[in-house]
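Read off the chains here:
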Amino acid sequence: MNKLLSIIIPTYNMEALLPHCLDSILVDGALERVEAMVVNDGSKDGSLAVANSYKERFPNSVTVIDKPNGNYGSTINAALPVAQGKYIRILDSDDWVRSDSLIRFLDALESLETDMAITHFTILHDDGSKELTKYNDYGREPFDYGKTYQLDDILKQGYIKYFLMHGLTYRTQLLRDMGYRQTEGISYTDTEWCCYPVFKAQTVTFLDIDLYQYNMAREGQTMDPKVISRSLTQMEKMIRQLIGFFESFDTSSLSDTRLAFLRRYYANRLRFLYRCHLVNTPHDLF
C-alpha cells in the first residue's frame, strides 16, 4: 500500500460541489498520506473535467476513474480493487471533511491496527443548524477513544446508534479478502457498506474526531423525504439484497452476539422501510 487512507468519492453531476469536497482533503499534512479517488459515474456536466484538473495539480494524491453510469455501488466496486490505502472510506461529493480533523484522523491511523475505525460526523440541516452525531447510548459514551476492542465485545452493548457510512472506515484488505461488492444500478447501497463488513470484522476502534460533514441541506439529496418517497422500490430492492446476503452467508461461523446484532440491524432497516411506506399511504385508506 502506497497510502495510509483511500477516500472513494462517488461523483455524478457534482461539478459545482466537487471542488469544495476535494479542497477539504488536499491540504498540507494530508497529501502524502491520502488518496482521493474520484469515480465519475457517467456525469453529464463538467465533473470529469474538475476531477482531472485536480489530478493535474495533485498527481500523487488524486486518482480519477471515469466509467459509464451504474449508480452508487458501481463506483465503490470500481475503486476498491485499485485503492492504494491501508484504510478506506467513502466521502460523497456533495459532502466534505473537516481538514483539521482529517489530519488528526490520519495521525491516529498511523498507530492503529484495526478492521474498523469509527469517527463522529456532523449533520448540516437545511435551516442552517448543525448536529454532532456520536456513537453513544442515550447520551452515554461507553467506549474508550483510541482503544482497539474485539468487535463482539462491543456488539454485546446492543445496537450501535447511527451505525452509518459517514462514520465508518475499514481496513482495505478486510474488504478485499471477503470479496466485498455493492449492488449496482440502484441507490441506498451505502447500507451494504455499513452491514456486510460486520460479518467479517474482528476489531474496532472509536476515535473522538468529528470528521465527516454530512450536507443534508442540498436539494435532491437521497435522504430527502421527497426523494425517498419516489425511491421506495429501490429501497425494497436494497433490503432484498441484504436478506439474500444473510441467507447465503455461513452463519455457523458467527458468534451468538454477532448474529443477535445483525438481526437487530436488519429489523431496524425493515422498520425504516415500513415507516416510509406508511407515510406514503393515502390517508383516505384509513
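Residues numbered from 1 in each chain as written. Predicted model: local features only at pLDDT ≥ 70, side-chain atom pairs only at ≥ 80, totals over all residues. Heavy atoms only, no water.

K.L.:
Explain the overall build of the chain to me, please; I cannot follow it from the model alone.
P.N.:
Secondary structure summary: the chain contains 10 helices and 10 strands in total. Across the chain, every contact between residues at least 6 apart in sequence was considered, and the portion connecting residues at least 24 apart equals 82%. Carbon together with sulfur atoms contributes 50% to the accessible area of the chain, which is approximately 13200 Å² in total. (Helix = DSSP H or I, 4+ residues; strand = E, 2+ residues; numbered from the N terminus. Contact = heavy atoms within 4.5 Å. Areas by Shrake-Rupley, 256 points an atom, 1.4 Å probe, with all protein chains shown as cover.)

K.L.:
Is there a simple way to explain empty space enclosed by the protein in this structure?
P.N.:
Enumeration according to the criterion identifies one cavity of 30 Å³ or more in this entry. The space that makes up the largest cavity amounts to roughly 50 Å³. Around the largest cavity, the lining residues are Ile118, Thr119, His120, Tyr135, Phe143, Tyr145, Phe206 and Leu207. Looking at the lining of the largest cavity, the elements that each hand over two or more residues are strand S6 (116–124) and strand S10 (203–215). In terms of residue count, S6 provides more of the lining of the largest cavity than any other element does, three residues in total. Grouping the amino acids of the lining of the largest cavity by side-chain chemistry returns six nonpolar, two polar and no charged. (1 Å grid on protein atoms, 1.4 Å probe; cavity = no way out; pocket = protein on both sides within 12 Å on 5 of 7 lines; lining within 4 Å. Points joined across faces, edges and corners; volume = space filled by probe spheres on them. Nonpolar A, V, L, I, M, F, W, Y, C, P; charged D, E, K, R; others polar.)

K.L.:
Even after reading the chapter, I still don't get the confidence of the model for the chain, so can you show me in this structure?
P.N.:
Reading fine detail from the predicted coordinates is not recommended where pLDDT is low. With 89% of its residues at a pLDDT of 70 or more, the chain shows a mean pLDDT of 89. Confidence over residues 281–286 falls short of pLDDT 50; this stretch has one contact with residues more than four positions distant or in other chains. (pLDDT = per-residue confidence, 0-100.)

K.L.:
Help me understand helix H4 (residues 99–110) in this model?
P.N.:
Between the first and last C-alpha of H4 there are 17 Å, a value that for 12 residues agrees with the 16 Å anticipated at 1.5 Å per step. Ser101, Leu102, Phe105, Leu106, Ala108 and Leu109 are the residues of H4 that are buried. On an axial view of H4, the arc spanned by its buried residues comes to 160°, and they lie on one face. (Expected span 1.5 Å × (residues − 1). Buried < 20%, exposed > 50% of the residue type's maximum accessible area, 1.4 Å probe, protein only. Arc of directions from axis to C-beta.)

K.L.:
Would you take a moment to explain the pairing of S10 for this structure?
P.N.:
Looking along a regular strand, one sees the side chains alternate between the two faces of the sheet. Counting buried residues in S10 gives 12 out of 13 residues, a clear majority hidden from the surface. Here two bridges tie strand S5 (residues 96–97) to S10, and the two strands are oriented antiparallel to one another. Directly across from Trp96, in S10, lies its bridge partner Gln213. Sheet topology note: the S6/S10 ladder contains eight bridges and is parallel. (Pairing = 2+ DSSP bridges.)

K.L.:
So what exactly am I meant to see when it comes to the environment of Gln182 here?
P.N.:
With respect to the element layout, Gln182 can be found in the loop between helix H6 (172–177) and helix H7 (190–195). The buried category is assigned to Gln182, whose relative accessible area is 3%. For Gln182, the residues in contact, after removing those within four places along its chain, are Tyr72, Gly73, Ile76, Asn77, Ile90, Thr189, Asp190, Glu192 and Trp193.

K.L.:
For this particular structure, what's the right way to read unusual backbone geometry?
P.N.:
Leaving glycine out, the prevailing phi sign among residues is negative, and the prevailing peptide bond configuration is trans. Here Asn13, not a glycine, exhibits a phi torsion of approximately 50°, which is positive. Its place among the elements puts Asn13 in the loop between strand S1 (3–11) and helix H1 (18–25). We classify Asn13 as partly exposed; its relative accessible area is 30%.

K.L.:
Quick question: what am I supposed to make of the nonpolar core here?
P.N.:
In summary, soluble globular proteins display a tendency toward joint burial of nonpolar side chains. By size, the foremost hydrophobic cluster in this structure holds 91 residues, and its most contacted members are Ile9, Ile25, Leu26, Met116, Phe163 and Trp193. Ranked by the residues each element gives to this core, the list is headed by helix H10 (residues 256–280), at eight residues. Those residues in contact with Trp193 that sit more than four places away from it in its chain are Ile76, Ile88, Arg89, Ile90, Met165, Leu168, Tyr170, Leu175, Tyr180 and Gln182. (Core = buried A, V, L, I, M, F, W, Y, C linked by side-chain atoms within 4.5 Å.)

K.L.:
When you look at the side chain of Thr191 in this model, what are you seeing that I'm missing?
P.N.:
Looking at the element boundaries, Thr191 is found in helix H7. Judged by relative accessible area, Thr191 falls into the buried class, the value being 9%. Residues contacting Thr191, with those up to four places away along its chain left out, are Met238, Leu242, Tyr265 and Arg269.

K.L.:
How should I be thinking about the packing of H1 against helix H2 (residues 47–57) in this particular structure?
P.N.:
Relative placement of two packed helices is described by the angle separating their axes and the distance separating the axes. Where H1 contacts H2, the axes come no closer than 10 Å and their chain directions differ by 25°. Compared by their axis directions, H1 and H2 come out roughly parallel. By crossing handedness, the relation of H1 to H2 is classed as right-handed. Of the residues in H2, those in contact with Leu18, Pro19, Leu22 and Asp23 of H1 are Ser47, Val50, Ala51 and Tyr54. Classifying every residue of the contact of H1 with H2 by side-chain character gives six nonpolar, one polar and one charged. (Axes fitted to C-alpha atoms, helices over the stretch in contact; angles between N-to-C directions. Parallel < 35°, antiparallel > 145°, perpendicular 65-115°, else oblique. Left-handed = near helix turned anticlockwise from the far one by under 90°.)

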